[in-house]
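Residues per chain are reported as follows:
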Amino acid sequence: MKRVAFSFLALALLSTCAVFSSSLAVASDAGPGVSAEEALRLLVEGNERFAANKTAHPHSNFARLVDTAEHGQHPFATVLGCSDSRVPVELLFDQGFGDVFVVRVAGGVCADDETGSIEYGVSHLGTPILVVLGHTQCGAVTATVEHEHADGHIKSLVSHIEPAVKRVRAARPELSGAALIEAAVVENVYVAIEELFEHSPMVVEALEKGKLWIVPAIYDVKTGKVDWRAPIKSKKDLKNVKK
Ligand SMILES: [Zn+2]
């Protein structure tokens, strides 16, 4: 498991500036006005505050609500995450109104509607970063691993998670129980990104033009910490990625 090491200490001042530039960019139509690197830094630092129980609750007051209502939204990140009630995206990244364009669906799958929502975030809102956020103890992934009976439209969700489970079972037959679920959670994030690439030339184009980073990440529901993986900056990065 490769973790990405970020050196943020020396960049604290820069990120503070980025927060302000993000706020100032509210009046602009040219997107949030931050780079992918800065956007990632804001999320990393926000999660560090959250996990250390030192949240700042930026952009969470009524004035910010009024500001975003009057001037529109210019979020600096799009996030695809799970519907799980323990994974509230704005809270775990310590962000507020207008900061993050969030797509939440059980299992964090990337089917047609999720792809359309992501395209809106990336293309129309110009977010320079897309985080695909899996999480530990994911019920949708667990149900798929354990072949729980799926009723109604839940079958559709499961069909998007099954490829990840099959792939992990084939590659690592020694895994079972919690270890298998943990590996499937990670694989499911990459499967979602693959599906996105398959269905969205718009997202691939943004990636290849250097307008977008896609950052896989896993949130731990016990610690509140996000485990960041190497950013995908080109479609070919997905083939060489270490999970
Ligand atoms: Zn989940």
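Before reading on, note that the structure itself is shown above.
To keep things clear, this report deals only with the structure shown in the data block. It should be emphasised that the depicted structure is a prediction, and the values quoted were computed from it without experimental measurement. (Residues numbered from 1 in each chain as written. Predicted model: local features only at pLDDT ≥ 70, side-chain atom pairs only at ≥ 80, totals over all residues. Heavy atoms only, no water.)

## As for the overall build of the chain
A tally of regular secondary structure across the chain gives 10 helices and 5 strands. Per-residue burial for the chain yields a buried fraction of 49% across its 243 residues. As displayed, the chain offers around 12,000 Å² of accessible surface, 55% of which is attributable to carbon and sulfur atoms. (Helix = DSSP H or I, 4+ residues; strand = E, 2+ residues; numbered from the N terminus. Buried < 20%, exposed > 50% of the residue type's maximum accessible area, 1.4 Å probe, protein only. Areas by Shrake-Rupley, 256 points an atom, 1.4 Å probe, with all protein chains shown as cover.)

## Brief notes about the nonpolar core
Nonpolar side chains in soluble globular proteins tend to end up buried together. By size, the foremost hydrophobic cluster in this structure holds 42 residues, and its most contacted members are Leu80, Ile118, Phe197 and Ile214. Of all the secondary-structure elements, those providing two or more residues to this core are β2 (100-104), α5 (112-124), β3 (129-135), α6 (139-145), α7 (154-171), α8 (177-199), α9 (201-208) and β4 (213-219). The greatest single-element share of this core, amounting to 12 residues, is contributed by α8. The residues contacting isoleucine 118, other than those within four sequence positions of it, are Thr78, Leu80, Val103, Cys110, Leu130, Leu196 and Val203. Val79, Val131, Leu133 and Val226 belong to the second-largest nonpolar core, a separate cluster that totals 24 residues. (Core = buried A, V, L, I, M, F, W, Y, C linked by side-chain atoms within 4.5 Å. Contact = heavy atoms within 4.5 Å.)

## Some remarks on the coordination of the zinc ion
The coordination sphere of the zinc ion contains the protein donors Cys82 (SG), His135 (NE2) and Cys138 (SG), at a distance range of 2.0 to 2.3 Å. Between the donor residues of the zinc ion, the gaps in sequence give the motif C-x52-H-x2-C. Like histidine 135, the residue cysteine 138 is buried in the burial classification. (Donors = N, O, S within 2.8 Å, 3.2 Å for Na, K, Ca; no water.)

## Examining the sheet that holds strand β1 (residues 77-81)
Hydrogen bonds between backbone groups are what pair the strands of a sheet, and the pairing can be parallel or antiparallel. Read across the open sheet, the 5 strands follow the order β2-β1-β3-β4-β5; overall the sheet is mixed. Edge strands, defined here as strands with exactly one partner in the open sheet, are β2 and β5 (226-228). On average, each strand axis in the sheet is tilted by 25° relative to the strand beside it, whichever way the strands run. Both β4 and β5 contribute to a ladder of 3 bridges, which runs antiparallel. Among the inter-strand pairings, tyrosine 219 is bridged to a residue of β5, identified as valine 226. Its contacts with the sheet place α8 against β1, β3 and β4, and it is angled at close to 155° to β4. (Pairing = 2+ DSSP bridges. Axes fitted to C-alpha atoms, helices over the stretch in contact; angles between N-to-C directions.)

## Looking at a nonpolar patch on the surface
Together, Phe62, Leu65, Val66 and Phe97 make up an exposed nonpolar region whose accessible area comes to about 360 Å². Structurally, leucine 65 is set in helix α3 (residues 62-71). (Patch = residues over 30% accessible without salt bridge, like charges linked within 9 Å, V, L, I, M, F, W, Y side chains within 5 Å. Salt bridge = Lys/Arg side-chain N within 4 Å of Asp/Glu carboxyl O.)

## Some words on the pattern of salt bridges
Scanning the model with the defined rule gives 7 salt bridges in all. A salt bridge links aspartate 94 to arginine 49, with the nearest nitrogen and oxygen atoms 2.6 Å apart. Taken together, the residues aspartate 94 in the loop between α4 (89-92) and β2 and arginine 49 in helix α2 (residues 36-51) connect sequence positions 45 residues apart. Classification of aspartate 94 by relative accessible area gives buried; the value is 2%. Arginine 167 is the partner of glutamate 187 in a salt bridge, and the nearest nitrogen-oxygen pair spans 2.9 Å. Placement of glutamate 187 in helix α8 and of arginine 167 in helix α7 is noted, with a sequence separation of 20 residues between them. Within this structure, Arg167, Glu187 and Glu194 form a network of salt bridges that share partners.

## Details of the packing of α7 against α8
Where α7 contacts α8, the two axes come as close as 8 Å, and the packing angle between them is 125°. Between α7 and α8, the interaxial angle falls into the category oblique. In the crossing of α7 with α8, the sense of the turn from one axis to the other is right-handed. In this structure, α7 contributes His160, Ile161, Pro163, Ala164, Val165, Arg167, Val168 and Arg169 to the contact, and α8 contributes Leu180, Ala183, Ala184, Glu187, Asn188, Val191, Glu194 and Glu195. Classifying every residue of the contact of α7 with α8 gives 9 nonpolar, 2 polar and 5 charged. (Parallel < 35°, antiparallel > 145°, perpendicular 65-115°, else oblique. Left-handed = near helix turned anticlockwise from the far one by under 90°. Nonpolar A, V, L, I, M, F, W, Y, C, P; charged D, E, K, R; others polar.)

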